[in-house]
Amino acid sequence: MPRAARFLLLLLAGLALLTVVAYFALTKVTRDWFERDIELRSRLAVSSARQSLENNWRTDRARLTETLTDITRDERIMGAAACSREGELLAATEAYPREFTCSSLLASMRRDAPASADSWSTTPELPSGSVRLSVTFIGGESQLRRAVVLVHDVSYLSRRERTTRNILIIAFFVLSLCAALVTLIAARLAWRRWTNELRKALKGGASIEFLPLLRDVRTLARQLASDREREARGGLWSPERLRATLTQYLDGERIVVLANREPHIHERTADGIAVLHPASGLVTALEPIMRACSGVWVAHGSGSADRETVDKHDRVRVPPGEESYMIRRVWLGEDEERGYYYGFSNEGLWPLCHVADARPTFRAEDFAQYVEVNRKFANAVCEEVDSDDPIILVQDYHFALAPKMIRERLPRATIIAFWHIPWPNAERIGICPWRDELIAGLLGASVVGFHTQQHCNNFIDSVDAFMESRIDRESNAIVQGARRTLVRPYPISIEWPVHWLEQVPSAADAHVGVRAELGLSPDVLLGVGIDRLDYTKGIEERLFAVDELLTRYPEFRGKFTFIQLAAPSRTKIERYRKLNERIDEVAAQINAKWSTANYRPIVLLRTHHEPASVFRYYRAADLCYVSSLHDGMNLVAKEFVAARDDERGVLVLSQFTGAARDLTEALIVNPYDLRQASDALAAALHMPIDQQRERMRSMRRFVSEFNVYRWAGRMLVDAAELRRKERMSGRLDAMARFTRTGNS
Ligand code: ADQ
């Protein structure tokens, strides 16, 4: 509860207490005062009629009654009576209530008052309300000789008490209102003072040691405000919104994507030419963007039937049947592929950027091929553009040099370079003999994007360590001469909804179908792992975690099977071949340990699966375990979430993936810690349905909102903003030059 509200509540409680105390105190004081007043009046009334009362006491009852009637002329005295000392009623006015007999009154007085008292009073209740009876004695020697009883009307006393109570209640409400108002005003003033102070501090009033922090706060606040504004304006990101963004911010210009892997591969098979979709996170993310925006995707033509399917400009329209964009294929010779792809990219940069216990290998001849192939692709890109300021998306570590090469040919181009894998710290980057070339190459881009802020920070530190440039930390930009390169985090995602799901059976059907197909018991609990066969994915550790689960949780023996889909990848590299063999060995070892006549704990499917088939496995599983040892993002985790429209299934996710920052409702584990991982697997298998639903629902909400259209849209909007600024400053420069020439 806010402090002001707490204060106000306390104040109101205090006021209420004060009102109650004041009410009782005031009532008591007024009562005492009225009682004393009545006594005084009685005495005065009786003493003024004393002579007449004494004269007629026993002798003339009619005159005595008259005298009593005279006394009742006082408007507050309702009746009067004269009693003898024996308790006999001698005379009484008409209105005197006969139930108050002289004998009972004198008896009560004898009981309650001291013998010397010359007056006494009591307040009996009558059906018509309260009255006060006062007994006053007249006469000499014996106190009880002559008693005059007066009946006083005290109804006005109750009226007064009611009025007092009402006034106090009104006063309480008025005071409460005032207190609330005062608190509100005080709180607002305090808030304004605080925000003014903060604003002053942010404007530079703060001491110097806080400046970097303040800069960060300012940048963050600006970013959040503009994000919020943009998001509020556009709603959820979708292909339509992305198209609209392209038209609105970039005049509908088409996009040129440069990526090593092509999204549709034409392969020669026994049944003719087939179109395959590679197992690649980059393709999974980028392909929906191209379908939404159209343009050209420049890639290595790697399929056995690729050459047969292109036109004379090496282009082919895709996807088959839809044909919304074009692939421009670039052909590589064996040496080029060996040096650029297997060599420098995958034996050098891949292990350099992943902390996964693999040593990078750098060969000068590989790097030479890398340079040449980057130039070849950069040239192909420049051939595909249709203006001198196109929008070009350069993808991944295969093309670190291409942005600079393209910039040299198209100085006005908007180039966005996205690095799909982690960027390590400056010390580690420093071990690459061509680190300067890599960094300089990337700085040819207008925007360099990474999945996380940490990777951005590492990149900026690397620039700081190895390059001649100015770092504008306020806007996270690198300034070289008149050019700026923004360095920004853009966490990648998947399309939403995933179009492949239209071809996939429901979760219930997939559950039955997959188990039957693999010869598993229909009620076996199923875990699934889906990866390219890569040592960074932690497949070995994953299988060991299953072994640990069966060792420590005997209830799952014979009841839990883990299916590993592993698409062969980079098989020409020794490290990957060894991994292939090792995974086989580990799976066989675990199966030998726990298998029975009709039970297998590990099912290893070491083939490529088309996306619809991958999604069927996601839907059939009770859990998905993503155990990467280091991963930029990992889209498998997000795909599993997208597949589960039944809101069932549990995601167990390595803390070393970018996705662990987004999918916080997954069970997050350290994949090296087998005990912890096996505990998480057991927790997943034991998890009640409603908890599964709650977690899955929340993750689905996140992925649907932070989808790949948002990823692309934000990069394009940032690039457009930079482009607008550059055009503006270009125009200003031209004007300045014109003015100078005109003056000279
Ligand atoms: P990848 O290393 O390829 O991506 P990931 O993001 O998990 O890793 O994507 C893998 C893709 O391949 C998924 O779409 C998955 O469905 C598919 N796939 C995996 N195994 C398959 C199989 N056996 N058969 C068919 N398809 C399979 C790189 C980075 C990641 C980053 C992405 C996107 O390493 O960190 O998330 O780029 O930026």
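Rules used in this analysis
Residues numbered from 1 in each chain as written. Predicted model: local features only at pLDDT ≥ 70, side-chain atom pairs only at ≥ 80, totals over all residues. Heavy atoms only, no water. Helix = DSSP H or I, 4+ residues; strand = E, 2+ residues; numbered from the N terminus. Buried < 20%, exposed > 50% of the residue type's maximum accessible area, 1.4 Å probe, protein only. Areas by Shrake-Rupley, 256 points an atom, 1.4 Å probe, with all protein chains shown as cover. Near = heavy atom within 4 Å. Polar contact = N/O pair within 3.5 Å; in protein donor to acceptor, adjacent residues only side chain to side chain. Contact = heavy atoms within 4.5 Å. Pairing = 2+ DSSP bridges. Axes fitted to C-alpha atoms, helices over the stretch in contact; angles between N-to-C directions. Patch = residues over 30% accessible without salt bridge, like charges linked within 9 Å, V, L, I, M, F, W, Y side chains within 5 Å. Salt bridge = Lys/Arg side-chain N within 4 Å of Asp/Glu carboxyl O. Lys, Arg positive; Asp, Glu negative; His and termini not counted. Charge placed at Lys NZ, Arg CZ, Asp CG, Glu CD. Parallel < 35°, antiparallel > 145°, perpendicular 65-115°, else oblique. Left-handed = near helix turned anticlockwise from the far one by under 90°. Nonpolar A, V, L, I, M, F, W, Y, C, P; charged D, E, K, R; others polar. Right-handed = clockwise from strand over helix to strand, strands pointing away. Phe/Tyr/Trp six-rings, centres within 6.5 Å; stacked < 30°, edge-to-face > 60°. Disulfide = S-S within 2.5 Å.

**Things to note about the overall build of the chain**
Looking only at helices and strands, the chain has 24 helices and 24 strands in total. Residues classed as buried in the chain amount to 51% of the 744 residues present. A total of about 35,600 Å² of accessible surface is found on the chain, and carbon and sulfur atoms cover 54% of it.

**A closer look at the site of the ligand**
In the vicinity of the ligand lie 28 residues, with Thr284, His420, His609, Asp631 and Glu639 positioned nearest. One of the side-chain N or O atoms of Arg532 is found 2.9 Å from an oxygen atom in the ligand. Residue Asp631 places a side-chain N or O atom 2.4 Å away from an oxygen atom belonging to the ligand. Relative to its unbound accessible surface of 710 Å², the ligand loses 95% to contact with the protein.

**Notes on the environment of Asn707**
In this fold, Asn707 is placed in the loop between α23 (689-705) and α24 (708-743). Look at Asn707 and you get buried, because its relative accessible area is 1%. Separated by 469 residues in the primary sequence, Asn707 and Ser238 have C-alpha atoms spaced 8.2 Å apart. Excluding its chain neighbours within four sequence positions, the residues that come into contact with Asn707 are Trp237, Ser493, Ile494 and Trp496. Of the polar contacts made by the side chain of Asn707, one reaches the backbone oxygen of Ser704; its length is 3.0 Å. In this structure the side chain of Asn707 is engaged in a polar contact, spanning 3.1 Å, whose partner is the backbone nitrogen of Tyr709.

**Regarding the sheet that holds strand β22 (residues 623-626)**
With respect to topology, six strands assemble into an open sheet ordered β21-β20-β19-β22-β23-β24, the strand pairing being parallel. Where the open sheet ends on each side, the last strands, each with one partner, are β21 (602-605) and β24 (667-669). Each strand axis lies, on average, 20° off the axis of its neighbour in the sheet, ignoring direction. With three bridges joining them, strand β23 (residues 650-654) and β24 adopt parallel strand pairing. Note on β24: the bridge partner recorded for Ser654 is Val669. Together, β19 (525-532), β20 (560-567), β21 and β22 form the strand contacts of helix α17 (residues 539-552), whose direction differs from that of β20 by roughly 175°.

**What to know about a positive patch on the surface**
Taken together, the side chains of Arg159, Arg160, Arg162 and Arg165 present a region of like positive charge at the surface. Judged by relative accessible area, which is 45%, Arg160 ranks as partly exposed.

**Looking at the packing of helix α20 (residues 635-643) against α23**
Where α20 meets α23, the axes come as close as 9 Å, and the angle between the chain directions of the two elements is 110°. The angle between α20 and α23 places the two elements in the roughly perpendicular class. Considering only the axes of α20 and α23, their crossing is left-handed. Across the interface between the two elements, Lys638, Phe640, Val641, Ala642 and Ala643 of α20 pack against Met696, Met699, Arg700 and Val703 of α23. Residues belonging to the contact of α20 with α23 are distributed by class as follows: seven nonpolar, no polar and two charged.

**Comments concerning the sheet that holds strand β7 (residues 255-258)**
If you trace the 10 strands from one edge of the open sheet to the other, you get β11-β12-β10-β7-β13-β14-β15-β18-β17-β16, paired in mixed fashion. Two strands bound the open sheet, and with one partner strand each, they are β11 (315-318) and β16 (470-472). With direction set aside, neighbouring strand axes in the sheet form an average angle of 20°. Running over the sheet, helix α11 (residues 364-384) touches β7, β10 (295-300), β11, β12 (325-330) and β13 (391-395) and is turned about 160° from β10.

**Thoughts on the packing of α17 against helix α18 (residues 574-594)**
Where α17 meets α18, the axes come as close as 10 Å, and the angle between the chain directions of the two elements is 10°. Here α18 runs roughly parallel to α17, going by the angle between their axes. Where α17 approaches α18, its residues Ile539, Glu540, Leu543, Phe544, Asp547, Leu550 and Thr551 are matched on the opposing element by Arg582, Ile583, Val586, Ala587, Ile590, Lys593 and Trp594. Residues of the contact of α17 with α18, tallied by class, amount to nine nonpolar, one polar and four charged.

**Description of helix α12 (residues 402-409)**
Turning to α12, its buried residues number three or more, namely Ala402, Pro403, Met405, Ile406 and Arg407. Contact partners of the buried residues in α12: β7, α11, β13, β14 (414-418), α14 (435-442) and β18 (483-489).

**Thoughts on the pairing of β19**
In terms of residue burial, β19 counts as a mostly covered element, since seven of its eight residues are buried. Direction of pairing for β19 relative to β20: parallel, over a ladder of eight bridges. Counterpart to Leu525 in the pairing with β20 is Phe560. Handedness of the crossover is the feature at issue here: the chain leaves β19, passes through α17, returns alongside β20, and the resulting connection is right-handed. Where β19 meets β22, two bridges bridge the pair, whose relative direction is parallel. Its bridge partner lying in β22, Gly527 is registered against Leu623.

**Some remarks on the packing of aromatic side chains**
This model, assessed by the stated rule, comprises 27 aromatic pairs. Where Phe367 meets Trp434, the ring centres are 4.5 Å apart and the plane angle is 10°; that geometry is what we call stacked. Pair noted here: Phe367 is in helix α11 and Trp434 is in the loop between α13 (426-429) and α14, with a separation of 67 residues, a long-range link. Take Phe367: its relative accessible area is 7%, and that puts it in the buried class. Pairing Phe656 with Tyr672 gives two aromatic rings, centres 6.1 Å apart and planes at 65°, and the pair type is edge-to-face. Taken together, the residues Phe656 in the loop between β23 and α21 (659-662) and Tyr672 in the loop between β24 and α22 (674-686) connect sequence positions 16 residues apart. Aromatic rings pair up to connect Tyr340, Tyr341, Tyr342, Phe344, Phe362, Phe367, Tyr370, Phe377, Phe399 and Trp434 into one cluster.

**So, the state of the cysteines**
Tallied over the full model, the rule gives one disulfide. For Cys83, the disulfide goes to Cys102, at an S-S distance of 2.0 Å. Taking the torsion about the sulfur-sulfur bond, which here is approximately -65°, the covalent link between Cys83 and Cys102 counts as left-handed. Taken together, the residues Cys83 in strand β1 (residues 77-84) and Cys102 in helix α4 (residues 102-112) connect sequence positions 19 residues apart. The buried category is assigned to Cys83, whose relative accessible area is 1%.

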